[in-house]
Amino acid sequence: MTDRSAVMDHDVHQFLSFMSVEKGASANTISAYRNDLQQFGSYLHGVRPNGKSTAPWGSVNADLLQDYIREMRAKDYADATVARKVAAVKSFFNYLTAEGVVDSDPTETLSSPRVGRSLPKALSVREVDELLEQPSKRSTPEAQRDKAMIELLYATGMRVSELVALNLESIELHNNRATVRCIGKSSKERLIPIHEQAVIALRIYLEEARPDLVRVRKERALFINRRGERLTRQGFWLILKNYAKAAKITSDVTPHTLRHSFATHMLRGGAPLRNVQEMLGHANISTTQVYTQLTDAHVREVYDKAHPRAH
């Protein structure tokens with residue numbers, strides 16, 4: 001490793017530490033920043049920019065950044081991916097400038113690529129019912145666990161990272177107001193109610209399935225895999241994908257699809273936007289408002305089918 005590489009790696013490490021400790025960024029965010037900045041660093045080594053500054057990052061300028069964006073587009077990166085990688089570089093140089101590592105911020109006038117805001121794809125209520133029916137066709141501990149996970153995800157709109165991070169003490173089922181306590185982005189905690197069907201699935205899992213799966217009594221993870229360890233995001237994604245295929249759902253189903261479906265169905269059912277925002281853990285209500293476009297489209301569809309003058 002060259003001295004230049006070592007210094008650059010050190011700067012990235014310091015920045016990631018700052019984002020984690022000072023800004024409270026999640027592990028997923030830190031991982032994404034690390035990957036994006038390593039890619040940018042590799043790009044810099046490839047083009048070998050010539051600059052007078054002795055700081056490794058000091059030779060970066062606006063033209064080089066535009067070339068970097070053009071290279072990503074040439075590789076057919078999605079607009080959202082390019083925008084995320086540019087945002088990572090901008091945050092990094094903002095930090096370097098504040099710390100005095102570079103004299104000026106070359107990203108200051110750099111505009112983030114525009115990303116079309118596509119509407120999230122939500123399943124229909126019938127598709128959700130079909131999906132939830134699949135694990136019920138088997139009586140294995142894994143199937144009972146899967147039923148509980150999918151019910152809980154659809155009941156609360158949690159992110160999959162929040163779901164797999166749950167511990168036994170995260171849920172309260174022993175009263176008339178069952179809830180789950182989850183930790184969201186920036187370590188923000190929120191309490192979400194759980195409906196009766198999800199409570200039933202969770203009780204069956206905890207009483208019948210989990211004891212068969214757990215290997216170590218002190219394991220506190222709520223959802224565990226066959227090895228008795230905490231289930232991962234990737235593990236749940238594969239489980240969900242197989243059930244979606246069994247349910248003959250043709251659209252792409254991901255854990256986030258259930259989050260979209262939860263929000264859309266709640267709003268269509270009359271839930272106030274502010275309440276849905278709180279349950280989803282959105283910092284800004286504008287993020288939640290995208291779901292109102294889905295409900296507006298649904299209302300229009302119903303109107304066109306029902307009104308005698310709309311045909």
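It should be noted that the structure appears before, not after, this text.
Residues numbered from 1 in each chain as written. Predicted model: local features only at pLDDT ≥ 70, side-chain atom pairs only at ≥ 80, totals over all residues. Heavy atoms only, no water.

## Looking at the overall build of the chain
- Across its full length, the chain holds 12 helices and 3 strands.
- Taken across its 311 residues, the chain has 43% of its residues classed as buried.
- Long-range contacts, defined here as pairs at least 24 residues apart, represent 60% of the contacts in the chain between residues at least 6 apart.
- For the chain, the exposed area adds up to about 17800 Å²; of that, 48% sits on carbon and sulfur atoms. (Helix = DSSP H or I, 4+ residues; strand = E, 2+ residues; numbered from the N terminus. Buried < 20%, exposed > 50% of the residue type's maximum accessible area, 1.4 Å probe, protein only. Contact = heavy atoms within 4.5 Å. Areas by Shrake-Rupley, 256 points an atom, 1.4 Å probe, with all protein chains shown as cover.)

## A word on the pairing of strand S2 (residues 179-183)
- Inspection of the sheet shows strand S1 (residues 171-172) paired to S2 by 2 bridges, in the antiparallel sense. Residue Ile171 lies in a different strand from S2, and its bridge partner there is Val180. (Pairing = 2+ DSSP bridges.)

## Here we look at the packing of helix H5 (residues 125-133) against helix H6 (residues 141-156)
- Following both chains from N to C, one finds H5 and H6 inclined at 155°, their axes separated by 9 Å at the closest point. Comparing the axis directions of H5 and H6 gives the class roughly antiparallel. Each of Val128, Leu131 and Leu132 in H5 lies in contact with H6, whose residues at this interface are Lys147, Ile150, Glu151 and Tyr154.
- Partitioning the contact of H5 with H6 into residue classes produces 5 nonpolar, no polar and 2 charged. (Axes fitted to C-alpha atoms, helices over the stretch in contact; angles between N-to-C directions. Parallel < 35°, antiparallel > 145°, perpendicular 65-115°, else oblique. Nonpolar A, V, L, I, M, F, W, Y, C, P; charged D, E, K, R; others polar.)

## Remarks on helix H11 (residues 273-280)
- For H11, every residue scored as buried is listed here: Leu273, Val276, Gln277, Met279 and Leu280. The buried side chains of H11 occupy one side of the element, clustering within an arc of 165° when seen end-on.
- The first or second residue beyond H11 is Gly281, which carries a positive phi of 80°. (Arc of directions from axis to C-beta.)

Don't take any of this as a statement about function, it's just geometry.
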